[in-house]
Amino acid sequence: MTADEILDLLAGVFLLLGAFLSVAAGVGLLRFPDALSRMHAATKPQILGLLFVVVAIALSARSWSTLLALTPVLIFQMLTAPISAHMVGRAVYRTGNFDKDTLIVDELESVIDRASRDDQPGSDSAS
Amino acid sequence: MSMLNIVFAAVGVLLTAAALMALYRIVRGPSLLDRMIASDMLLTTIILVVGTEMVYNQHTRNIPMMLVLAAIAIFATVAVARYVSKQDKREEAP
């Protein structure tokens, strides 16, 4: 077994790991009960799965310029994934698309309550 | 080489299954936000498929496509999440 074959096989293994994470996210999307837990499942392949595939491409192409071209892909995903997750999580909380019984403690509710009371005294808040 | 072909076949089956599960959640998802989460995950799966195709066919021409997809994945999700309203609350079971 030559070094090239070993590197190709290693790339295949990394691809398999990335695809496995993707399937895990799909199962999570199907089986989890509410939007917040589905969000937790769907973010698995977004960073780690992409990292595995990028490593597989770099192992298969075996050149530094390819790795340098692939790094911005990972950086863009790492920069934007938390922003979209934050926006979706905020919208999920505000529209009430989650199961309140699964929360052990809801610290945001009292904070929103207090903030809306301080802003407009007397008016019943929508929060 | 045949072992590598089996690996690629398995990767293809797994990614297809993941995309189909995301598609099911887009069609069925009870609320708009469930659909946006699923479509975000579908886009991630597409990025993985584009990368896998590069490994299989031994070229690097798809890297700009991966870059653009990773950079614009945020827009649709943020736009919809910003303007989703209280009317999209999940309907209670009767």
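Note that the coordinates shown come from a computational prediction; the quantities given were computed from them, not determined experimentally.

A.B. asks: Tell me about the overall build of chain B, and please be specific about residues and values.
C.D. replies: Of regular secondary structure, chain B possesses three helices and zero strands. Element order for chain B, N to C, with α for helix and β for strand: α-α-α. Pairs at least 24 residues apart make up 48% of the contacts formed inside chain B by residues separated by at least 6 positions.

A.B. asks: I'd like a rundown of the overall build of chain A, residues and numbers included.
C.D. replies: Helix and strand counts for chain A come out as five helices and zero strands. When the helices and strands of chain A are read in sequence order from the N terminus, they spell out α-α-α-α-α. Seen through its C-alpha atoms, chain A measures out along the principal axes to roughly 75 × 30 × 20 Å. When the 127 residues of chain A are sorted by exposure, 36% land in the buried category. A separation of at least 24 residues holds for 59% of the contacts in chain A among residues at least 6 apart in sequence.

A.B. asks: Lay out the packing of helix α1 (residues 3-31) of chain A against helix α1 (residues 2-28) of chain B in plain terms, naming residues and giving numbers.
C.D. replies: The geometry of α1(A) relative to α1(B) is characterised by a closest axis approach of 8 Å and an angle of 20 degrees between their N-to-C directions. Put simply, α1(A) runs roughly parallel to α1(B). As α1(A) runs across α1(B), the sense of the crossing is left-handed. Here the contact of α1(A) with α1(B) is built from residues that sort into 22 nonpolar, three polar and two charged.

A.B. asks: Lay out the interface of chain B and chain A with the relevant residues and their values.
C.D. replies: At the junction of the two partners, chain B supplies 47 residues and chain A supplies 47 residues. Here the element with the most residues in the side of chain B that touches chain A is helix α2 (residues 32-57) of chain B; it accounts for 15 residues. Looking at side-chain class alone, the side of chain B that touches chain A contains 31 nonpolar, eight polar and eight charged residues.

A.B. asks: Now, about helix α3 (residues 44-61) of chain A: what can you tell me, with residues and values included?
C.D. replies: With 18 residues, α3(A) should cover 26 Å at 1.5 Å per step; its first-to-last C-alpha distance of 25 Å lies within 8% of that length. Extensive coverage of α3(A) is indicated by the burial of 13 of its 18 residues.

A.B. asks: Break down the nonpolar core for me, with residues and values.
C.D. replies: Ranked by size, the top nonpolar core spans 55 residues in total, and within it A:Ala56, A:Ile57, A:Val88, B:Leu33 and B:Ile37 carry the most contacts. Within the residue set of this core, elements represented by two or more residues are α1, α2 (35-42), α3 and α4 (64-95) of chain A together with α1, α2 and α3 (63-83) of chain B. With 11 residues, α2(B) is the largest single contributor of residues to this core.

A.B. asks: Got a sec to walk through unusual backbone geometry? Specific residues and values, please.
C.D. replies: Despite not being glycine, A:Arg62 shows a phi value in the positive range, around 55 degrees. The phi dihedral of B:Gln58 is positive, around 60 degrees, even though this residue is not glycine. As for its placement among the helices and strands, B:Gln58 is situated in the loop between α2 and α3.

A.B. asks: Residues and numbers for the packing of α2(B) against α3(B), please.
C.D. replies: Think of two packed helices as two axes; the pair is described by the angle between the axes and how far apart they sit. Residue and element names in this part refer to chain B. Two elements in contact, α2 and α3, have axes separated by 10 Å at closest approach and are oriented at 180 degrees. Our classification of the angle between α2 and α3 gives roughly antiparallel. The residues of α3 that touch α2, namely those facing Leu-32, Leu-33, Met-36, Asp-40, Leu-43, Ile-46, Ile-47, Val-50 and Gly-51, are Met-65, Met-66, Leu-69, Ala-70, Ala-73, Thr-77, Val-80 and Ala-81. Split into classes, the residues belonging to the contact of α2 with α3 amount to 14 nonpolar, two polar and one charged.

A.B. asks: With reference to specific residues and values, describe the confidence of the model for chain B.
C.D. replies: Averaged over every residue, the pLDDT of chain B is 86; the share at 70 or more is 88%. Across the whole predicted complex the pTM is 0.86, and at the interface the ipTM reaches 0.84.

A.B. asks: I'd like a rundown of the confidence of the model for chain A, residues and numbers included.
C.D. replies: Mean pLDDT over chain A stands at 86; residues scoring 70 or higher make up 94%. Of all secondary-structure elements in chain A, the lowest mean pLDDT belongs to helix α5 (residues 107-119) of chain A, at 80, while α1(A) reaches the highest, 92.

Calculation notes
- Residues numbered from 1 in each chain as written.
- Chains lettered and ligands numbered in written order.
- Predicted model: local features only at pLDDT ≥ 70, side-chain atom pairs only at ≥ 80, totals over all residues.
- Helix = DSSP H or I, 4+ residues; strand = E, 2+ residues; numbered from the N terminus.
- Contact = placed C-beta atoms within 7 Å.
- Buried ≥ 20, exposed ≤ 12 C-beta atoms within 10 Å, placed from the backbone.
- Axes fitted to C-alpha atoms, helices over the stretch in contact; angles between N-to-C directions.
- Parallel < 35°, antiparallel > 145°, perpendicular 65-115°, else oblique.
- Left-handed = near helix turned anticlockwise from the far one by under 90°.
- Nonpolar A, V, L, I, M, F, W, Y, C, P; charged D, E, K, R; others polar.
- Expected span 1.5 Å × (residues − 1).
- Core = buried A, V, L, I, M, F, W, Y, C linked by C-beta atoms within 7 Å.
- pLDDT = per-residue confidence, 0-100.

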